[in-house]
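Architecture and fold: a report
So you can see what is in the structure, the chains are spelled out below.
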Amino acid sequence: YYVLKKAFPLFQRTGNKIGRMNCFQSLADLYFYQQKYSEAKWFYIQSQIMAAKLLDNQAMIESLTGLGKVKNALGDYSEALQDYKRAEQLALQNNYLANLVEINADLGETYSKLEDYPAAGAALDKYSRFRDNWIKSNQL
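Now for a quick tour of the structure.

Reading guide: rules and limits
- Residues numbered from 1 in each chain as written.
- Predicted model: local features only at pLDDT ≥ 70, side-chain atom pairs only at ≥ 80, totals over all residues.
- Heavy atoms only, no water.
- Phe/Tyr/Trp six-rings, centres within 6.5 Å; stacked < 30°, edge-to-face > 60°.
- Helix = DSSP H or I, 4+ residues; strand = E, 2+ residues; numbered from the N terminus.
- Buried < 20%, exposed > 50% of the residue type's maximum accessible area, 1.4 Å probe, protein only.
- Expected span 1.5 Å × (residues − 1).
- Contact = heavy atoms within 4.5 Å.
- Axes fitted to C-alpha atoms, helices over the stretch in contact; angles between N-to-C directions.
- Parallel < 35°, antiparallel > 145°, perpendicular 65-115°, else oblique.
- Left-handed = near helix turned anticlockwise from the far one by under 90°.
- Nonpolar A, V, L, I, M, F, W, Y, C, P; charged D, E, K, R; others polar.

What about the packing of aromatic side chains?
Counted according to the given criterion, the structure contains 6 aromatic pairs. On the numbers, 6.3 Å between centres and 80° between planes, the contact of Phe24 with Trp42 is edge-to-face. You can see Phe24 sitting in helix α2 (residues 17–33) and its partner Trp42 sitting in helix α3 (residues 37–54), a full 18 residues away along the chain. Looking at Phe24, the relative accessible area reads 8%, which means it is buried. When its relative accessible area of 46% is taken as the criterion, Trp42 is described as partly exposed. Considering the side-chain rings of Tyr31 and Phe43, the 5.6 Å spacing of their centres and the 15° angle between planes classify their relative orientation as stacked. In this pair, Tyr31 sits in helix α2 while Phe43 sits in helix α3, placing the two residues 12 residues apart along the sequence.

Here you go:
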């Protein structure tokens, strides 16, 4: 935390947008794991804004899934679904299998919390399919 707080102003002064975005993402993750959800949410949104400016799809997916996890933790399941679906759309467009595995696991959990069991089952089926494809593509 201390290192990130010191690094951020340096990235800002030098105009390093990628460094700033990575600081936002790392701080959001730290706050999320400390269960400081309002702070985490703010930093995920800042990361998302920077990712959009930089046209960085991978960073956008990470900030959307992080934001979905925060909203899930806060009980805002419908809003979390929106973030996960946007992340899934980007991951599908860019064929990011590892992200699709994570996103569909999160979608399955969120649908379960909403008691939409058919949708949860469908998301978990997609999770299994993406996981198997990812494992096959990463074998040595």
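Structural notes on helix α5 (residues 77–94)
Each α-helix turn comprises 3.6 residues. Residues three or four places apart therefore point the same way. Given a rise of 1.5 Å per residue, 18 residues ought to cover 26 Å, and the 26 Å separating the end C-alpha atoms of α5 matches this to within 8%. Every buried residue of α5 is listed here: Ala80, Leu81, Asp83, Tyr84, Ala87, Glu88, Leu90 and Ala91. Buried residues along α5 sit against α4 (57–73), α6 (97–113) and α7 (117–137). Asn95 lies just past α5 and shows a positive phi near 55°.

With respect to the packing of α2 against α3
Viewed as axis vectors pointing N to C, α2 and α3 meet at an angle of 155°, and their least axial separation amounts to 8 Å. The angle between α2 and α3 places the two elements in the roughly antiparallel class. For α2 against α3, the interelement crossing comes out left-handed. Across the interface between the two elements, Lys17, Ile18, Arg20, Met21, Phe24, Gln25, Leu27, Ala28, Asp29, Tyr31 and Phe32 of α2 pack against Tyr37, Glu39, Ala40, Trp42, Phe43, Tyr44, Gln46, Ser47, Met50, Ala51 and Leu54 of α3. Residue composition of the contact of α2 with α3, by class: 15 nonpolar, 3 polar and 4 charged.

Describing α3
If you check α3, its first and last C-alpha atoms are 25 Å apart, about what 18 residues at 1.5 Å a residue would give, namely 26 Å. Listed as buried for α3 are Tyr37, Ala40, Phe43, Tyr44, Gln46, Ser47, Gln48, Met50 and Ala51. Leu55 occupies a position one or two residues after α3 and carries a positive phi of about 55°.

Some thoughts on the packing of α3 against α4
One way to put it is that α3 packs onto α4 with a least axis distance of 9 Å and a crossing angle of 160°. The orientation of α3 relative to α4 falls into the category roughly antiparallel. Crossing of α3 over α4 shows left-handed handedness. Contacts between α3 and α4 involve Tyr37, Ala40, Lys41, Tyr44, Ile45, Ser47, Gln48, Ala51 and Ala52 from the former and Ala59, Met60, Ser63, Leu64, Gly66, Leu67, Val70, Lys71 and Ala73 from the latter. Partitioning the contact of α3 with α4 into residue classes produces 12 nonpolar, 4 polar and 2 charged.

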